[in-house]
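Residues per chain are reported as follows:
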Amino acid sequence: MTRPDSLLDSSFDLFVIGGGSGGVRAARMAAQRGARVALAEGSRMGGTCVNVGCIPKKLYSYAAGYAEAFEEARGFGWRWPQAAAPQLDWAALKSARAQEIARLNGVYEGLMTQAGVAVLRGQAGLLGPQAGGLQGVQVRAADGQQTAHAARHVLIATGGMPRRASVPGGELAITSDEMFDLPAFPRRLLVVGGGYIGCEMASIFHGLGADVTLVYRGEQVLRGFDDEVRAFAARQMQQAGVRVLTRCDVRRISAGADGARQVELTDGQIITADAVLYATGREPNTRGLNLAAAGVAVDAGGHIEVDEHFATRAPGIYAIGDVVGRMALTPVALAEGMALADQLFGPAPGQPARQMNYRNIPTAVFTHPPIGTVGLTEEQARAAGRPIRVYRSDFRPLRHTLSGSSERALVKLIVDDASDRVIGLHMAGPDAPEITQGFAVALQCGATKAQFDATIGIHPTLAEEFVTLRQVARN
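Quick caveat, the model's predicted, so the values are computed rather than measured.

Let us look at the confidence of the model for the chain. Mean pLDDT over the chain works out to 96, with 98% of the residues at or above the 70 mark. Per-residue pLDDT stays below 50 along residues 1–6; that stretch engages in 15 contacts with residues further than four places along the chain or on separate chains.

A few words on the sheet that holds strand β19 (residues 388–395). Strand order across the open sheet formed by six strands is β17-β18-β21-β20-β19-β22, with antiparallel pairing between neighbours. Looking at strand neighbours, the two that pair on one side only are β17 (363–365) and β22 (472–474), the edges of this open sheet. Sheet twist, expressed as the mean angle between neighbouring strand axes with direction ignored, is 25 degrees.

In a pair of packed helices, the angle between the axes and the distance between the axes together describe the arrangement. As a packed pair, helix α3 (residues 54–73) and helix α4 (residues 90–115) sit with axes 11 Å apart at the nearest point and diverge in direction by 145 degrees. Between α3 and α4 lies a crossing whose hand is right-handed. Contact with α3, carried on its side by I55, P56, L59, Y60 and A63, involves W90, L93, K94, R97, E100, I101 and L104 of α4 and no other residues of that element. Its residues assigned to classes, the contact of α3 with α4 shows nine nonpolar, no polar and three charged.

With that settled, the discussion passes to helix α9 (residues 330–345). Each α-helix turn comprises 3.6 residues. Residues three or four places apart therefore point the same way. Taking 1.5 Å per residue, 16 residues should reach 22 Å; α9 reaches 22 Å between its end C-alpha atoms and fits that length. Burial analysis of α9 places twelve of its 16 residues in the buried class, which makes it a mostly covered element. Regarding α9, the residues found buried are V332, A333, L334, E336, G337, M338, A339, L340, A341, D342, L344 and F345. Along its buried surface, α9 packs onto β1 (10–17), α1 (21–32), β6 (146–156) and β16 (317–319). Positive backbone phi, approximately 90 degrees, marks G346, located one or two places after α9.

Looking now at a nonpolar patch on the surface. Together, Y62, Y66 and F70 give the surface a local cluster of nonpolar side chains, amounting to about 350 Å² of exposed area. The topology assignment puts F70 in helix α3. The class for F70 is partly exposed, based on a relative accessible area of 36%.

Reading the values: the criteria
Residues numbered from 1 in each chain as written. Predicted model: local features only at pLDDT ≥ 70, side-chain atom pairs only at ≥ 80, totals over all residues. Heavy atoms only, no water. pLDDT = per-residue confidence, 0-100. Contact = heavy atoms within 4.5 Å. Pairing = 2+ DSSP bridges. Helix = DSSP H or I, 4+ residues; strand = E, 2+ residues; numbered from the N terminus. Axes fitted to C-alpha atoms, helices over the stretch in contact; angles between N-to-C directions. Left-handed = near helix turned anticlockwise from the far one by under 90°. Nonpolar A, V, L, I, M, F, W, Y, C, P; charged D, E, K, R; others polar. Expected span 1.5 Å × (residues − 1). Buried < 20%, exposed > 50% of the residue type's maximum accessible area, 1.4 Å probe, protein only. Patch = residues over 30% accessible without salt bridge, like charges linked within 9 Å, V, L, I, M, F, W, Y side chains within 5 Å. Areas by Shrake-Rupley, 256 points an atom, 1.4 Å probe, with all protein chains shown as cover. Salt bridge = Lys/Arg side-chain N within 4 Å of Asp/Glu carboxyl O.

Structure (structure tokens):
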């Protein structure tokens, strides 16, 4: 509903709804340009990435990596009594993670305070157009108290949330939001979903000591990634001990003895698990925003519709990040937030206005081993009708010549045959995300295969494989 100006508690140049990475960055950049900025957040600052996403996931991935390293150390001569074998203290890991997340929450709060952004605690929703061409926002605090505000510009940056199970007994399943703070470590874990979250959680909790089964209804995990990388990653997960069941789904979940879950699959199997993680996708977090009141349109998937300038159909209202469904990555939301701040309030003195470019955005999957990728997959390049050359190498890393591990690494380049430009780079193996981040700069600069070939490698490293590939695998 529309609230008259006389009842508005305050007005701003920019009102940001959502205290995640994109919202905080946009708010801070706008305030640094001299804008009067408010930000409303009903939960902990930092959004999904800080609280239940990237950061805790990577911390737990590190934890799982230590278990692998303990075993591999024997191949390098390390010895210790079998009775003193390392064991995971789940409570200690959770406590350490919680302390680090609390520290980061404080960092985000500090960024807002230092920039002069007014932080309002509570759930925000749109009130619709107000007098003077302003948009209204209402904030409901945890105690029920409501305040109303007006702004020249409103930014929706509320992110996404996990999709809940919709099968009979689905209420007995959990999502990735709950995985990091389970009361007891799940010795038997069933993961439903073969996307990057499902594969990451399967790898991480297997590394921490769980018996893990992953169920995916598709033919191969990690849809959207390079097909060769997908197959390679699936083999590595299975060799490590993760049970991967494809072309299969959950029919129903029921409660078993001692808090266990009995899961019936569509192929007739019954699996008993201590926890059932549903990782079957995420959806935009738009509940309670009252979008219709302001004339904000959403697409069939519930994502807010925006143009190339992040503007919705409602004048003065913008949206960025996961809630618009372009690329659900924290660095993308950060970049969108900076681009929007420059667009609305001008760039920093002496700097050009930032423009959002979605080409050659690198990404990683923190499986064990991890995956790094940037540019086109082989399938995307072929679908575009481009003549290409494919270079690839599948090998045992030097580390594992002594570790005893059967883990292998895959590196792959997709080269445009006409221009010789490297248009896709993919890797699965130790340190793949770190290596890919560096090569992403080369792809963004339009590096050619000849320039890769002319670059001297650092020996012995995994990264040098990308500048020593000479044999064409396919063209």
